[in-house]
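# Summary of the model geometry
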Amino acid sequence: MSNIAVILNVACVLGMCITGILASQLENLLSSTIAITATGIFAAAEFLVLQAPDVAISEAAVGAALVPLIFIVTIKKIRRGDRK
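Report follows, based on the coordinates. Remember, predicted model here, so these are calculated numbers, not experimental data.

The next point concerns helix α1 (residues 3–25). Along its 23 residues, α1 runs 33 Å from first to last C-alpha, staying within 8% of the 33 Å computed at 1.5 Å per residue. Along α1, the positions that sit buried rather than exposed are A5, C12, G15, T19 and A23. In this structure, the buried side of α1 is in contact with α2 (29–49).

Here it is in structure tokens:
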């Protein structure tokens, strides 16, 4: 593995760790959802570095797009129910 690939690998893993910790520590649910989205993006980038483009596309579609969308819709519905 080349030096650039090792640097990218370490950057992606550090990014996933930092955003994962951020997602669990943030008080605001929307901010946590954004951190989870960033974690999914770092995971997709890691799969690209590891030369697994099919897994990267799946992770980008599910981890960085679908799951945050479901979380945001759920947060909006919960907040709407609080007003009643």
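Let's shift gears to the environment of Q51. With respect to the helices and strands, the residue Q51 is situated in the loop between α2 and α3 (53–83). Q51 sits 41 residues away from V10 along the chain, and the two C-alpha atoms are 15 Å apart.

To continue, consider the packing of α1 against α2. Two elements in contact, α1 and α2, have axes separated by 8 Å at closest approach and are oriented at 160 degrees. As far as their axial angle goes, α2 and α1 are roughly antiparallel. The way α1 lies across α2 gives a crossing that is left-handed. Between α1, through A5, L8, N9, A11, C12, V13, G15, M16, T19, G20, L22 and A23, and α2, the contact on the second element is made entirely by S32, A35, I36, A38, T39, F42, A43, A45, E46 and V49. Residue composition of the contact of α1 with α2, grouped by class: 15 nonpolar, 6 polar and 1 charged.

What counts and how
- Residues numbered from 1 in each chain as written.
- Predicted model: local features only at pLDDT ≥ 70, side-chain atom pairs only at ≥ 80, totals over all residues.
- Heavy atoms only, no water.
- Helix = DSSP H or I, 4+ residues; strand = E, 2+ residues; numbered from the N terminus.
- Expected span 1.5 Å × (residues − 1).
- Buried < 20%, exposed > 50% of the residue type's maximum accessible area, 1.4 Å probe, protein only.
- Contact = heavy atoms within 4.5 Å.
- Axes fitted to C-alpha atoms, helices over the stretch in contact; angles between N-to-C directions.
- Parallel < 35°, antiparallel > 145°, perpendicular 65-115°, else oblique.
- Left-handed = near helix turned anticlockwise from the far one by under 90°.
- Nonpolar A, V, L, I, M, F, W, Y, C, P; charged D, E, K, R; others polar.

Honestly, it's all geometry; don't read function into it.
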